[in-house]
Amino acid sequence: MSQTFVISALLTLVAGIGIFLIACNMMSANLEAMGSAKLSKLFASISNNDVLGVGIGTVGTAAIQSSGATTVMVIGFVNAGIMTLRQAATIIYGANIGTTITGQIVALGLYGKDSISTTIIFSAFAGVGAFIMSFCKEDKQKTWGGIIAGFGMLFVGLSMMSNSMESFAYLDSVKNFLAGIDNVILLIVIGAVLTAIIQSSSVMTSVAITMVVSGLISLNQGIYITMGSNIGSCVVAIIAAIPSSKNAKRAALIHLLFNISGVILFTAVGSVMKMVSGGDYTYGIIFSSFFKHPQTQLAMFHTFFNVLCAILILPLTGALVRFVSKIIPDSEATEDDSPKLYYLNEYMLNTPVIALAQLKKEIENMAKIAFDNFAASLEMFKEMSTEGVDKFRKNEDELNYLNRELIDILSRLSGSMLNDDDSYFMSRSFHVINDLERVGDYAENIIEYIEEICKIGGKISDEARAEIDSLAATVEALYQKTMEAYSNTNKDAAKAAAADAKVLEEKVDDLTEEMAANHIERIQKGSCTAHVGAYYLSLVSDSERVADHFYNVAKYV
């Protein structure tokens, strides 16, 4: 064979893997845009029923065609404290089962070599989807077009990979080299390393299936490479968990231990079978006796392996959770209190729907910090004390940090493929973040008034203190209704809370107007100095604007 032939086959393989990866990402992105918001709610509300957790993980992963996306979503929920480790573990088991659907699709596409193959038929879906994306105007139709086009492109990539494997099958040197790799540990390591590099167990499994079909490797070799790909797929969870909480790291460790223990168990059982039977019984021989075609044999083993591992580990979930909690114990040392994102990390941006769900948590946290600072500023003004200024400044630094980071994240997500609700949420989030940042700025103004008054030894009257208490209570009620409207997933309940927020915002308007009039009267009577009075009136004006900004957040619902 010529050197040109070898290079051509190699480039075809690389192109096929590239198209397959793009197709996986395209399908995943569109499926997430179509249904991940509902999956997020489903994952977040999961009960402690372990079997239900496995089922949700299986169906969810099969639906969005990405175990990596499911795992990152689960880690995000654990990090946010809305999912327990046990719940996360069961969904991870299910995700491993759900991801095997890709192998089954690939196996289906490799039938019909003597007639019109299923690969050719399914590849045509790429054109159908492209036409839908090009000529349909509605976003939902374009999303469906993306799903269909991505499905078709899977088979375009599969066809190229299959053709390159058939080309390599003509090379005796390649076949002899691959045939010489019979060490199961080495095969597992190859599968794990290659999967970690491309970050897709689906692609690695698909490559293994095409290699088995073309005769480049034996079914038994393909089985161990596929088992190794399960270990390599854990890199997605590990990367997502690195900057997250202890519990998120534990969830990633559960994923890794689950996959490693399954591979160790199957490898040990396979070695015993081979040794006892003198080589008459191996996984390859067993599955070839049940299924006629090599592509189905490997795809079915992949599914059987993950299902059986989930069944075996499920009763041990409690012990596994306790074990990882001991490996990653809660630290007694004071954690780093520098500004940071609590619910988002860089890796989650690869899955925009998940990133937006976590972004909402970050915005809710930002709102709490902004309100706490405003409430603290009113309290310090009332007492004419600067005792809490250091904590206030630290919170203000965090608000400024969150403002910069969240706006940057929104900008990076602005070109993502999202459904109408998520697109609306993202566009409004720019305004919400700005409103919350302005609340922090007005609170900072009030602190500056306090510092100036303290320099001259100024005081405020008991009547003014009582008015500030009333104002603080009303703004707090407004904040609570605002966050109820912002956080509520029930649209009717959110609208009702926003309407209540409007009433409270108007009450703040009336209250601040009354406070200003009362204070001017006190200045005229001489019970308050004009210098201190000017700062008090500025506080009243700033508080009215704070109420406006909080209501703006509720209004965006």
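Above: the structure in question.
Residues numbered from 1 in each chain as written. Predicted model: local features only at pLDDT ≥ 70, side-chain atom pairs only at ≥ 80, totals over all residues. Heavy atoms only, no water.

All right, on to the overall build of the protein chain then. Counting its regular elements, the protein chain contains 22 helices and zero strands. Each of the 557 residues in the protein chain was classed as buried or not, and the buried ones make up 51%. Accessible surface, the protein chain: about 24,700 Å² in total, of which carbon and sulfur atoms supply 60%. (Helix = DSSP H or I, 4+ residues; strand = E, 2+ residues; numbered from the N terminus. Buried < 20%, exposed > 50% of the residue type's maximum accessible area, 1.4 Å probe, protein only. Areas by Shrake-Rupley, 256 points an atom, 1.4 Å probe, with all protein chains shown as cover.)

Together, Glu138, Asp139, Asp420 and Asp421 make up a region of like negative charge exposed at the surface. Structurally, the position occupied by aspartate 421 is in helix 19 (residues 420-456). (Patch = residues over 30% accessible without salt bridge, like charges linked within 9 Å, V, L, I, M, F, W, Y side chains within 5 Å. Salt bridge = Lys/Arg side-chain N within 4 Å of Asp/Glu carboxyl O. Lys, Arg positive; Asp, Glu negative; His and termini not counted. Charge placed at Lys NZ, Arg CZ, Asp CG, Glu CD.)

Further remarks concern the environment of methionine 483. Structurally, methionine 483 can be placed in helix 20 (residues 462-487). Given a relative accessible area of 12%, methionine 483 falls into the buried group. If near-sequence neighbours (up to four positions away) are discounted, methionine 483 is found in contact with Glu364 and Ala367. (Contact = heavy atoms within 4.5 Å.)

Moving on to unusual backbone geometry. At methionine 384, a position not held by glycine, the phi torsion is positive, near 50°. Tracing the chain through its elements places methionine 384 in the loop between helix 17 (352-383) and helix 18 (389-413). By relative accessible area, which is 11% here, methionine 384 ends up buried.

A separate point is a nonpolar patch on the surface. Residues Ile185, Val189, Val193, Leu194 and Ile197 make up a contiguous nonpolar surface patch of about 440 Å² in total accessible area. Relative to the helices and strands, valine 189 resides in helix 9 (residues 184-198).

If you walk through the whole model with that rule in mind, you get 17 aromatic pairs. Ring geometry for phenylalanine 266 against phenylalanine 301: centres 6.0 Å apart, planes inclined by 80°, an arrangement best described as edge-to-face. Here phenylalanine 266 is found in helix 13 (residues 246-277), whereas its partner phenylalanine 301 is found in helix 15 (residues 294-313), with 35 residues between them in sequence. Residue phenylalanine 266 is classed as buried on the basis of its relative accessible area, which comes to 4%. The structure contains a cluster of three or more aromatic residues connected by ring pairs, namely Tyr224, Phe266, Tyr283, Phe287, Phe291, Phe301, Phe304 and Phe305. The lysine or arginine in question, lysine 360, covers the ring of tyrosine 486, its NZ or CZ lying 5.4 Å from the ring centre. (Phe/Tyr/Trp six-rings, centres within 6.5 Å; stacked < 30°, edge-to-face > 60°. Lys NZ or Arg CZ within 6 Å of the ring centre and 35° of its normal.)

This part covers the pattern of salt bridges. Following the criterion strictly, the structure yields 16 salt bridges and no others. Close ionic contact of lysine 502 with glutamate 506 constitutes a salt bridge, the shortest N to O distance being 3.8 Å. With a gap of four residues between them, lysine 502 and glutamate 506 both fall in helix 21 (residues 491-525), about one helical turn apart. In the salt-bridge network here, residues are joined through shared partners; they are Glu379, Lys382, Glu383 and Asp469.

All right, on to the side chain of glutamine 221 then. Summarising the element assignment, glutamine 221 is placed in helix 11 (residues 219-232). Look at glutamine 221 and you get buried, because its relative accessible area is 8%.

Next up on the list: the environment of phenylalanine 77. One can find phenylalanine 77 in helix 3 (residues 67-80). For the pair formed by phenylalanine 77 and alanine 88, sequence separation is eleven residues and the distance between their alpha carbons is 8.4 Å.

What follows deals with the packing of helix 12 (residues 234-241) against helix 13. Relative orientation of the contacting elements helix 12 and helix 13 amounts to 165°, with a least axis distance of 8 Å. Between helix 12 and helix 13, the interaxial angle falls into the category roughly antiparallel. Once helix 12 is placed against helix 13, the crossing between them reads as left-handed. Of helix 13, the residues touching helix 12 (which contributes Cys234, Ala237, Ile238 and Ala241) are Ala248, Lys249, Ala252, His255, Leu256 and Asn259. Looking at side-chain class alone, the contact of helix 12 with helix 13 contains seven nonpolar, two polar and one charged residues. (Axes fitted to C-alpha atoms, helices over the stretch in contact; angles between N-to-C directions. Parallel < 35°, antiparallel > 145°, perpendicular 65-115°, else oblique. Left-handed = near helix turned anticlockwise from the far one by under 90°. Nonpolar A, V, L, I, M, F, W, Y, C, P; charged D, E, K, R; others polar.)

What follows deals with the environment of arginine 412. Of note, arginine 412 is situated in helix 18. Judged by relative accessible area, which is 44%, arginine 412 ranks as partly exposed. Not counting residues up to four positions away in its chain, the partners in contact with arginine 412 are Glu346 and Leu349.

Nothing here speaks to function; it is geometry throughout.
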